[in-house]
Amino acid sequence: RLTPLRGDKHRIRATAAAVWCSSKPAPRSIASESGDCRGTAAVMRVLVVDDEPLARRELRRLLGAFPGIQIVGEAGNIDDARLSIENLSPDVVFLDIQMPEESGFEMLDILGKDSPRIIFTTAYDAYALRAFEFGAVDYLLKPIVEKRLAVALHRLGAVDDSDQIAGETDPS
């Protein structure tokens, strides 16, 4: 079952802190004919896949700071992720590796060349080499920090230097 996104602001409680979270997606724009989103008003369509609801909410909150990002959906397990990828055609998936029943790697094995671009999100650094063997755009360790997310989005071409967070240096 897919979890619908709400556009209103709501409060969630994490273990030690309360986090304000807005899941309102950025307004949708029409991509350029070339498919290159850099320098255009195009929106990068994002799917968030993580079995932890608080992790999904926090990532949605962080992604909300970037106007070129539209969160088109989220999934809490690999079966829902596969359906979401098929039905929503995201440009990029933020994918947790350690999931119940199947791993993010197993899902990518099944999708093969049909998979969208992937940014792995995990609490474990031990999978980094394998993630890049799968062609990952980036590998973010939890807890994800906004500046590191900006670097990953820059690598995707979803943000340009003017969209960088204040104080962030060029990641290249």
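Residues numbered from 1 in each chain as written. Predicted model: local features only at pLDDT ≥ 70, side-chain atom pairs only at ≥ 80, totals over all residues. Heavy atoms only, no water.

S.K.: Quick question: what am I supposed to make of helix α1 (residues 53-63) here?
M.R.: A turn of α-helix holds 3.6 residues, and therefore any two residues three or four places apart point the same way. All of the buried residues along α1 are Ala55, Arg56, Leu59, Arg60, Leu62 and Leu63. One side of α1 carries all its buried residues, which in axial view fall inside an arc of 165 degrees. (Buried < 20%, exposed > 50% of the residue type's maximum accessible area, 1.4 Å probe, protein only. Helix = DSSP H or I, 4+ residues; strand = E, 2+ residues; numbered from the N terminus. Arc of directions from axis to C-beta.)

S.K.: Is there a simple way to explain the packing of α1 against helix α5 (residues 146-156) in this structure?
M.R.: Each pair of packed helices can be summarised by the angle the axes make with each other and by the distance between the axes. Running from amino to carboxyl end, α1 crosses α5 at an angle of 70 degrees, the nearest separation of the two axes being 10 Å. Our classification of the angle between α1 and α5 gives roughly perpendicular. Seen along the crossing, α1 lies across α5 with a hand that is right-handed. Between α1 and α5, the contacting residues are Leu59, Leu62 and Leu63 on the first element and Glu146, Leu149 and Leu153 on the second. Grouping the constituent residues of the contact of α1 with α5 by class yields five nonpolar, no polar and one charged. (Axes fitted to C-alpha atoms, helices over the stretch in contact; angles between N-to-C directions. Parallel < 35°, antiparallel > 145°, perpendicular 65-115°, else oblique. Left-handed = near helix turned anticlockwise from the far one by under 90°. Contact = heavy atoms within 4.5 Å. Nonpolar A, V, L, I, M, F, W, Y, C, P; charged D, E, K, R; others polar.)

S.K.: Looking at this structure, I do not really get the sheet that holds strand β4 (residues 69-75). What am I missing?
M.R.: Hydrogen bonding along the main chain pairs the strands of a sheet, whether they run parallel or antiparallel. Read across the open sheet, the five strands follow the order β4-β3-β5-β6-β7; overall the sheet is parallel. At either margin of the open sheet sits one strand with a lone partner, and together these are β4 and β7 (138-141). Taking each pair of neighbouring strands and ignoring which way they run, the sheet shows an average axis angle of 25 degrees. Here strand β6 (residues 117-122) runs beside β7; their pairing, made up of four bridges, is parallel. In the strand pairing of β7, threonine 121 is matched with leucine 140. Docked against the sheet, α1 engages β3 (44-49), β4, β5 (92-96) and β6, running at close to 175 degrees with respect to β4. (Pairing = 2+ DSSP bridges.)

S.K.: How should the pattern of salt bridges be read in this particular structure?
M.R.: Two side chains with opposite charge may pair up if their charged atoms get near one another. Applying the stated criterion across every chain yields a total of nine salt bridges. For arginine 148, the salt bridge is made with aspartate 138, and the minimal N-O distance between the two is 2.6 Å. Linking arginine 148 in helix α5 with aspartate 138 in strand β7, this pair joins segments that are ten residues apart in sequence. Within the structure, one salt-bridge network assembled from shared partners comprises Asp50, Asp96 and Lys142. (Salt bridge = Lys/Arg side-chain N within 4 Å of Asp/Glu carboxyl O.)

S.K.: Looking at this structure, I do not really get the side chain of threonine 121. What am I missing?
M.R.: By the element assignment, threonine 121 lies in strand β6. If we ignore the near neighbours within four places in the chain, the residues touching threonine 121 are Asp50, Leu59, Phe94, Leu95, Asp96, Ile97, Leu140, Lys142 and Ile144.

S.K.: Looking at this model, I keep getting lost on the pairing of β6. Mind explaining?
M.R.: The side chains of a regular strand alternate, first on one face of the sheet and then on the other. Across the six residues of β6, five count as buried, placing the element largely inside the fold. The pairing of β5 with β6 spans five bridges and is classified as parallel. Bridge pairing in β6 links aspartate 96 to threonine 121. In terms of handedness, the path from β5 via helix α3 (residues 104-111) over to β6 forms a crossover that is right-handed. Read from β6 through helix α4 (residues 128-133) to β7, the crossover connection turns out right-handed. (Right-handed = clockwise from strand over helix to strand, strands pointing away.)

S.K.: Any chance you could explain the pairing of β3 here in plain terms?
M.R.: Across the six residues of β3, six count as buried, placing the element largely inside the fold. Judged by which residues are buried, β3 turns out to be covered on both faces: Met44, Val46 and Val48 on one side and Arg45, Leu47 and Val49 on the other are all buried. Both β3 and β4 contribute to a ladder of six bridges, which runs parallel. Counterpart to valine 46 in the pairing with β4 is isoleucine 71. Between the parallel elements β3 and β4, the chain passes through α1 in a crossover that is right-handed. Bridge count for β3 against β5 is four bridges, and the pairing is parallel. Its bridge partner lying in β5, valine 49 is registered against leucine 95.

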